[in-house]
Amino acid sequence: MDNLDMKILSRLLNNCRESDRQIGIELGISGGAVRARIKKMEERKIIEEFFIKVEPPVLGYGVLYFVVSGENINEILDQISLVGKPFFVVPCVGGITVCSIVVKENMKQKIQLANKLMKDVRVLSIFEAENPGFNANLTKTDLEILEELIKDPRARIEKIAKNANLSTKTITRCIEKLQENDGVQFTIIYDPTKIENYIPHAILTWIDGDLKETLQNMNKIFSKSYLQIPFIAKNQIVLFMYSNNIFKMDEITQKVRTVKNVKSADLFIPKRISFYIKWLEKAIKDFKQSSKLHLTYQTN
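So, here is what we can say about the structure in this document. Every chain is numbered on its own, with residues counted from 1 as its sequence reads. This being a predicted model, a pLDDT of at least 70 is required before a residue's local features are given, and a value of 80 or more before pairs of side-chain atoms are given or counted; all residues contribute to the totals for chains, interfaces and linings. In computing side-chain values, all of the structure's heavy atoms are included and hydrogens and water are not.

**Overview of the packing of aromatic side chains**
Aromatic rings considered in pairs are described by the distance between their centres and by the relative angle of their planes.
Then, number 1: Stacked, tilted and edge-to-face pairs are distinguished by plane angle, under 30 degrees for stacked and over 60 for edge-to-face with tilted covering the rest, among Phe, Tyr and Trp rings (Trp via its six-membered ring) whose centres lie within 6.5 Å. Summed over all chains, the structure comprises ten aromatic pairs.
Then, number 2: Between Y65 and F127, the aromatic rings sit 5.6 Å apart at their centres with planes inclined by 15 degrees, giving stacked as the arrangement. Residue Y65 is located in strand β2 (residues 62-69), and its partner F127 is located in strand β5 (residues 122-128); the two are separated by 62 residues in the primary sequence.
Then, number 3: Only protein chains enter the calculation, and the probe is 1.4 Å; a residue is then buried if its accessible area is under 20% of its type maximum, exposed if over 50%, and partly exposed in between. Classification of Y65 by relative accessible area gives buried; the value is 9%.
Then, number 4: Overall, the relative accessible area of 12% leaves F127 in the buried class.
Then, number 5: Ring plane angle 70 degrees and centroid distance 4.9 Å describe the contact between F127 and W206, whose orientation is recorded as edge-to-face. Here the residue F127 occupies a position in strand β5, and W206 occupies one in strand β7 (residues 199-207), the gap between them amounting to 79 residues.
Then, number 6: Classification of W206 by relative accessible area gives partly exposed; the value is 21%.
Then, number 7: Each member of the aromatic cluster is reached from another via a ring pair, and the members are F51, Y61, Y65, F87, F88, F127, W206, F275 and W279.
Then, number 8: We count a charge as sitting over a ring when the NZ of a lysine or the CZ of an arginine lies within 6 Å of the ring centre and within 35 degrees of the ring normal. The ring of Y61 has K104 sitting right over it, with the charged end atom 4.5 Å from the ring centre. Only runs of H or I of at least four residues qualify as helices and only runs of E of at least two qualify as strands under DSSP, and these elements are numbered from the N terminus.

Rendered as structure tokens:
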């Protein structure tokens, strides 16, 4: 992996529907060269799959985040499934796992329930990170197209139109709508352990002050180290970054802690990233069977 590979990986993480040609224009190389590098990363299993990530609030669900001690994914899944449907599980260096579940309602009660039921893993932290403003105004047509995109996020518009029996104009309009929604991300799942010469890492920050102002300051200082666009939550900003050695990674983490309004910052180095979509498939199925024409849940 060289820096050009990392830049291509970054662009795919932020929008895997961006064409090879467009990525090449941005990076100053040909679309063919981009395509060859992507193929090589797929062959080496650095890129595991192209993926569409839908934040649960877009479909009217809440999210609980857990930081637990342990790395046994099956054991952790058994435990968190007692409270809600798994969303993601990320074992990290140091024996810590960050994971989340999708829940429908009664968030405070679910947190209390989790503390009582999850006895086989040590829960270090549980918190709700509600995003302030995901757009949930999706129609049944949007969800039908979303179902096709779940199968193949990079599928050509003509193929989606044929499978969904809709016009290409409708498909194009819907995809543009989804791409404008901060709660929907066309991305990839990658294997951090296969990336040589660089260390992907995440810094979870707790903010005491103006969230947007803090993010703007972070972007000015750290944007060149971003692997993905930062995730903004209720009072957290998660920075997805990469460094070429542990010393640089530690230096960046310490620097984040000095940014105005940052109350605390915790470093996580992922070993594996797993997302689960059964909750999403069920949510889409349930809504399609309902009499409602639009999803209009209040998510903030």
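**As for the packing of helix α2 (residues 20-27) against helix α3 (residues 31-43)**
Then, number 1: The angle between two axes is taken between their N-to-C directions and runs from 0 to 180 degrees, where each axis is a line fitted to C-alpha atoms and a helix contributes only its stretch in contact. In contact at an axis separation of 7 Å, α2 and α3 are set at 110 degrees when each is read in the N-to-C sense. When the axes of α2 and α3 are compared, the pair comes out roughly perpendicular. On the side of α2, the interface is formed by D20, R21, I23 and G24, while α3 contributes G31, V34, R35 and I38.
Then, number 2: Residue polarity is assigned by list, with Asp, Glu, Lys and Arg as charged and Ala, Val, Leu, Ile, Met, Phe, Trp, Tyr, Cys and Pro as nonpolar; anything else, Gly included, falls into the polar class. Of the residues belonging to the contact of α2 with α3, the class tally is three nonpolar, two polar and three charged. Put simply, angles under 35 degrees are roughly parallel, angles over 145 are roughly antiparallel, angles from 65 to 115 are roughly perpendicular, and the rest are oblique. By definition in these notes, contact holds between two residues if any of their heavy atoms fall within 4.5 Å.

**Notes on the packing of helix α1 (residues 3-14) against α2**
Then, number 1: At a minimum axis distance of 11 Å, the contact between α1 and α2 shows a crossing angle of 130 degrees. The pairing of α1 with α2 is recorded here as oblique in orientation. At the point where α1 passes α2, the crossing takes the right-handed sense. Of the residues in α2, those touching α1 at L4, K7, I8, R11 and L12 are I23, E26 and L27.
Then, number 2: When the residues that make up the contact of α1 with α2 are grouped by side-chain class, the tally is five nonpolar, no polar and three charged. Crossing handedness is defined as follows: a turn of the near helix away from the far one that is anticlockwise and smaller than a right angle gives a left-handed crossing, while the clockwise case is right-handed.

**Some remarks on helix α11 (residues 278-288)**
Then, number 1: Those residues of α11 that fall on the buried side of the exposure criterion are W279, L280, A283, I284 and F287. Buried residues of α11, seen end-on, are gathered within an arc of 130 degrees and therefore sit on one face of the element. In α11, those exposed residues whose orientation departs by more than 90 degrees from the buried face are K278 and K285.
Then, number 2: Elements in contact with the buried residues of α11: β1 (47-54), β3 (85-92), β4 (96-103) and α6 (140-151). Each C-beta atom gives one direction from the helix axis, and the arc is the one those directions make.

**Structural notes on the sheet that holds strand β10 (residues 262-268)**
Then, number 1: With antiparallel pairing, four strands are arranged side by side in an open sheet as β8-β9-β7-β10. Every interior strand has two partners, whereas the edge strands, β8 (226-232) and β10, have only one. Across the sheet, the axes of successive neighbouring strands diverge by a mean angle of 15 degrees, strand direction being ignored.
Then, number 2: Sheet contacts for helix α10 (residues 246-257): β7, β9 (236-243) and β10; angle to β7, the most-contacted strand, approximately 15 degrees. Only when DSSP finds a minimum of two bridges between them are two strands counted as paired.

**Thoughts on the pattern of salt bridges**
Then, number 1: The working definition used for a salt bridge is a side-chain nitrogen of Lys or Arg within 4 Å of a carboxyl oxygen of Asp or Glu. Inspection of the entire model under this criterion finds 17 salt bridges.
Then, number 2: A salt bridge links D20 to R35, with the shortest nitrogen-to-oxygen separation between them at 3.4 Å. Of the two residues, D20 is situated in helix α2 and R35 in helix α3; the sequence distance between them amounts to 15 residues.
Then, number 3: R35 sits in the partly exposed class, given a relative accessible area of 49%.
Then, number 4: Of the charged contacts in the structure, one is a salt bridge between R154 and D20, with a shortest N-O distance of 3.3 Å. Placement of the pair is R154 in the loop between α6 and α7 (157-164) and D20 in helix α2, with a sequence separation of 134 residues.
Then, number 5: Taking the relative accessible area as the measure of exposure, D20 reaches 13% and is therefore buried.
Then, number 6: Here the residues in one salt-bridge network are D2, D5 and R37, joined through shared partners.

The analysis is restricted to geometry; functional conclusions fall outside its scope.
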